[in-house]
Amino acid sequence: YSYRILLGKTITGVFECNDNCGCQQKRCFNRVVQQPIRYPIQIYKTAQSGWGVRALCDIPAGAFIANYVGALLTDSIADALQGEDEYFADLDLNDAVENEKATTLEKCGYLDMGIGSSDEEDEAAMSKKDADDDGLGSDMSSSSSSEEEEPKMKKVRRKHKELQNEELNPRRKKLNAAELEKIDAAAAVGDDTVFKWADYFGENNTLFVVDAKKKGNVGRFLNHSCDPNVQVQHVFVDTHDLRLPWSSFFAIRNIKAGEV
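The present account deals with the structure reproduced in this document. Quick caveat, the model's predicted, so the values are computed rather than measured.

## Observations regarding the overall build of the protein
The helix and strand inventory of the protein stands at seven helices and nine strands. Out of the 260 residues in the protein, the part that is buried amounts to 29%. Intrachain contacts of the protein at a sequence separation of at least 6 include 70% that bridge at least 24 residues. A total of about 17500 Å² of accessible surface is found on the protein, and carbon and sulfur atoms cover 50% of it.

## Details of unusual backbone geometry
Phi is positive for Tyr3, close to 55°, though the residue is something other than glycine. If you trace the backbone, Tyr3 turns up in the segment before strand S1 (14-15). One non-glycine residue, Arg4, lies in positive phi territory at about 65°. Relative to the helices and strands, Arg4 is located in the segment before S1.

## A closer look at the sheet that holds strand S8 (residues 230-236)
With mixed pairing, the four strands of this open sheet are ordered in space as S1-S8-S9-S4. Both edges of this open sheet fall to S1 and strand S4 (64-67), since each of them pairs with a single strand only. Bridge count for S4 against strand S9 (residues 246-251) is three bridges, and the pairing is antiparallel. Across the sheet, the residue bridging to Ala66 is Phe249, located in S9.

## Section: the sheet that holds strand S5 (residues 71-74)
Strand pairing in a sheet is mediated by backbone hydrogen bonds. Such pairs are either parallel or antiparallel. If you walk across this open sheet you meet the three strands as S5-S7-S6, and the pairing is antiparallel. Looking at strand neighbours, the two that pair on one side only are S5 and strand S6 (88-90), the edges of this open sheet. Strand-to-strand twist across the sheet, computed as the mean angle between neighbouring axes with direction ignored, equals 30°. In terms of strand pairing, S5 meets strand S7 (residues 208-211) through four bridges, oriented antiparallel. Within the sheet, the bridge partner assigned to Thr74 lies in S7 and is Phe208.

## So, the packing of aromatic side chains
A complete count under the given rule lists five aromatic pairs for this structure. Each ring, one from Phe64 and one from Phe250, has its centre 5.7 Å from the other, and the planes form 55°; the classification is tilted. In this pair, Phe64 sits in strand S4 while Phe250 sits in strand S9, placing the two residues 186 residues apart along the sequence. Each of the two residues, Phe64 as well as Phe250, counts as buried. Here the aromatic rings of Tyr68 and Phe249 are separated by 6.3 Å at their centres, their planes lie at 70°, and the arrangement is edge-to-face. Linking Tyr68 in the loop between S4 and S5 with Phe249 in strand S9, this pair joins segments that are 181 residues apart in sequence. Each member of the pair, Tyr68 together with Phe249, is buried. Every member of this aromatic cluster is reached through a ring pair, and the members are Tyr1, Phe64 and Phe250. The side chain of Arg54 reaches across the aromatic face of Tyr44, ending 4.2 Å from its centre. The side chain of Arg220 reaches across the aromatic face of Tyr87, ending 5.6 Å from its centre.

## Digging into the layout of surface pockets
By volume, the largest pocket amounts to about 1200 Å³. If you trace the largest pocket, you find 43 residues lining it, with Leu222, Asn223, His224, Val232 and Phe249 closest to the centre. A per-class count over the lining of the largest pocket returns 21 nonpolar, 13 polar and nine charged.

## Details of the pairing of strand S2 (residues 41-45)
Where S2 lies against strand S3 (residues 51-55), five bridges are found, and the strand directions are antiparallel. Along S3, the bridge assignment pairs Ile41 with Ala55. Where S2 folds back on S3, the antiparallel hairpin that results is connected by five residues, among which Gly50 adopts a positive phi of roughly 70°.

## Considering the pattern of salt bridges
Where side chains of opposite charge bring their charged atoms close, a pairing between them can arise. In total, this model carries three salt bridges according to the counting rule given. Here Asp241 makes a salt bridge to Arg243, at a shortest N to O gap of 2.8 Å. There is no split in this pair, since Asp241 and Arg243 are both buried. For Arg253, the salt bridge identified is with Glu259, shortest N-O distance 2.7 Å. The class for Arg253 is partly exposed, based on a relative accessible area of 31%. Overall, Glu259 belongs to the partly exposed group, its relative accessible area being 22%.

Rules and cut-offs
- Every chain's residues receive numbers from 1 upward, in the order its sequence appears when written.
- Only residues with pLDDT of at least 70 get local features here, since the model is predicted, and only at 80 or more are side-chain atom pairs given and counted; chain-wide, interface and lining totals rely on the full set of residues.
- Side-chain figures throughout are based on the complete set of non-hydrogen atoms in the structure, without hydrogens or water.
- Under the scheme used here, helices are H or I runs from DSSP no shorter than 4 residues and strands are E runs no shorter than 2 residues, and both carry numbers assigned from the N terminus.
- For every residue, the accessible area (1.4 Å probe, protein chains only) is compared with the maximum for its type, and the residue is labelled buried under 20%, exposed over 50%, or partly exposed between those bounds.
- Residue contacts are counted whenever heavy atoms from the two residues lie within 4.5 Å of one another.
- Values of accessible area rely on a 1.4 Å probe in the Shrake-Rupley scheme; residue burial ignores everything except the protein chains shown.
- By the convention used here, strands pair only if DSSP detects at least 2 bridges between them.
- To get an axis, a line is fitted to the C-alpha atoms, and for a helix only the part in contact is used. The angle between two axes follows their N-to-C directions and goes from 0 to 180 degrees.
- Working definition: rings of Phe, Tyr and Trp (its six-membered ring) pair if their centres are within 6.5 Å, and the pair is stacked with planes under 30 degrees apart, edge-to-face with planes over 60 apart, and tilted otherwise.
- Should the NZ of a Lys or the CZ of an Arg lie within 6 Å of a ring centre and within 35 degrees of the ring normal, that charge is described as sitting over the ring.
- Two kinds of site are reported from a 1 Å grid over the protein atoms alone, namely cavities, where a 1.4 Å probe fits but cannot get out, and pockets, open sets with protein on both sides within 12 Å along at least five of seven lines, and residues are called lining when an atom falls within 4 Å of a point.
- Grid points are joined across faces, edges and corners, and a volume is the space filled by probe spheres set on the points.
- Basically, the charged four are Asp, Glu, Lys and Arg, the nonpolar ten are Ala, Val, Leu, Ile, Met, Phe, Trp, Tyr, Cys and Pro, and anything else, Gly included, counts as polar.
- Note on definitions: salt bridges are taken to be side-chain nitrogens of Lys or Arg within 4 Å of carboxyl oxygens of Asp or Glu.

Written out as structure tokens, the structure is:
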């Protein structure tokens, strides 16, 4: 946040101050979704989409609009309520994070490169590819080279690998050094140090759903749109349990008074 304005969507969630902090609730700039609705909005009947919400004043980009409030259900109870899920909102922080990680790695070409394989495996794969390109096929593995040629071959393969990586990653050239460093570090992390949702929660790996059909607030009347002006941000307030974030609505762009 910057003066209670969301600067950009944070996939891993925003952590606000709570009762354990020594700050004052009304003055703290890190308490946003805990505050009452600041910008007046109105529920009205739309022509084709049922009930909707429109702004009664100009709302700046990044401003907090409302929370999605309702009954908290486990996923097993929610699955049993088939046909009554029109106001369901999944607390799917884990899915959102994993999808973002996969999308980022794919954009940078890491999924095509086979991240996680060892240098020996990469060199073996490169050697096989070179052999196939030369029309040698599997016979390449049976041919022997002298010990003096091995260092030279490894250098050639590494150079070939670097060139191939550049071809697979044209979008990397558009990223700055800090972004590249973060992505490279994330891709190089071993499986043992990666946070695993199921292992962390164990038997308590239960997902939750917010049902706003019978109880809720103005947030349940926000409709889906092909050109949205509002986004959902996961926010942690009264707990740091990753399964129980608040679902809060923030303006994506400046919203004019009367806009739906």
